[in-house]
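Fold and contact review
As a plain string of letters, each chain reads:
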Amino acid sequence: MPRHLPGAHELGQNFLRDRRTIDRIVDLVARADGDIVEWGAGDGALTLPLSALGRPLEAVEIDPRAVRALTRRVGAHVTVRRGDILRHAPTPGSTLVSNLPYHLTTPALRHLLRSDGWSRAVLVTQWEVARKRAGVGGATMMTAQWWPWVETTLEGRIPASAFRPRPAVDSGLLLLERRREPHLARRDRRAYQQFVRGVFTGPGRGLEQMLRRGGGLPAGAARRFCDRHGYSPRTLPRDVVLAQWVEAFELSRTRTG
Ligand SMILES: C[S@@+](CC[C@H](N)C(=O)[O-])C[C@H]1O[C@@H](n2cnc3c(N)ncnc32)[C@H](O)[C@@H]1O
């Protein structure tokens, strides 16, 4: 019996067909040196223009038909590998590029953030995801958890008409850069991320209560923190900006009322 191969839709195969968008992505990648890693190469819409930069390029793709076809079209400095992006570790110092398959956006972002190798990432995601990840109109828990180490910038909107087949929604172009000078030490990452999770998921109606009950801040410290930054009882964790997350985390560790 033939082995089942997932169809184009199941694999999130919405290929980029817009020259200007492809050029913008290549331009963002060209601003840094080092190896390039592409997650989800598909038919090479990005792989081939990226390969013209002449840098070592590793392209990972799960669809064996696409891997075979693309392998025939690239030069010796490009490796096309069949693999799962959720298990792939980008090489140290690399720039990671991906027009992410829609159905894997969140796990792929999580996997990317937990991988230590890459230094920048240029990503295409659904528009709403891109806005949220960049903290536009409020930060998500994942954004806040990685903010001290990774800067995320929304580089623009990509119309649905730039893809084939055409998806239901527009996309966004995201640039993630690992900070050269992080706002917290690497050794604090686990504790900081647990603190942010505690505040986001903590019981309470507004930030002050959530800082106390979810983040463990003494009552007086939580109140003074909110007063100092003009946070009202209706302020939510998503309204807190990077510098104040770091400050609240430091306060949670001093634990003086
Ligand atoms: C949105 S398409 C992008 C294709 C191409 N890079 C482009 O921009 O036109 C996503 C690609 O990821 C591939 N893909 C889906 N799931 C994958 C996985 N778990 N690991 C590797 N590639 C995957 C799909 O087969 C598809 O080629």
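Residues numbered from 1 in each chain as written. Predicted model: local features only at pLDDT ≥ 70, side-chain atom pairs only at ≥ 80, totals over all residues. Heavy atoms only, no water.

Our next topic: the site of the ligand. As a structural note, the neighbourhood of the ligand is formed by 21 residues, with Gln-13, Leu-16, Gly-40, Glu-61 and Asp-84 the closest of them. Measuring from a nitrogen atom of the ligand, one finds a backbone N or O atom of Gly-83 at 3.4 Å. For the ligand, whose unbound accessible area comes to 590 Å², protein coverage reaches 98%. In terms of residue class, the shell around the ligand is made up of 11 nonpolar, seven polar and three charged. (Near = heavy atom within 4 Å. Polar contact = N/O pair within 3.5 Å; in protein donor to acceptor, adjacent residues only side chain to side chain. Areas by Shrake-Rupley, 256 points an atom, 1.4 Å probe, with all protein chains shown as cover. Nonpolar A, V, L, I, M, F, W, Y, C, P; charged D, E, K, R; others polar.)

Here we come to the pattern of salt bridges. Two side chains with opposite charge may pair up if their charged atoms get near one another. Per the counting criterion, the structure on display carries 15 salt bridges. Linking Arg-189 and Asp-116 is a salt bridge whose minimum nitrogen-to-oxygen distance equals 3.9 Å. Here Arg-189, found in helix H7 (residues 189-201), pairs with Asp-116, found in the loop between helix H4 (105-114) and strand S6 (120-126); they are 73 residues apart in sequence, far enough to count as distant. A salt bridge links Glu-128 to Arg-131, with the nearest nitrogen and oxygen atoms 3.4 Å apart. Placement of the pair is Glu-128 and Arg-131 together in helix H5 (residues 127-133), with a separation of three residues, close to one helical turn. Judged by its relative accessible area of 25%, Arg-131 is partly exposed. Where salt bridges share partners, they join Asp-116, Arg-186 and Arg-189 into one cluster. (Salt bridge = Lys/Arg side-chain N within 4 Å of Asp/Glu carboxyl O. Helix = DSSP H or I, 4+ residues; strand = E, 2+ residues; numbered from the N terminus. Buried < 20%, exposed > 50% of the residue type's maximum accessible area, 1.4 Å probe, protein only.)

The next thing to look at is the confidence of the model for the protein chain. Summing up the model confidence of the protein chain, the mean pLDDT is 94 and the portion of residues at 70 or higher is 96%. In the model output, the complex is listed with pTM 0.93 alongside ipTM 0.99. (pLDDT = per-residue confidence, 0-100.)

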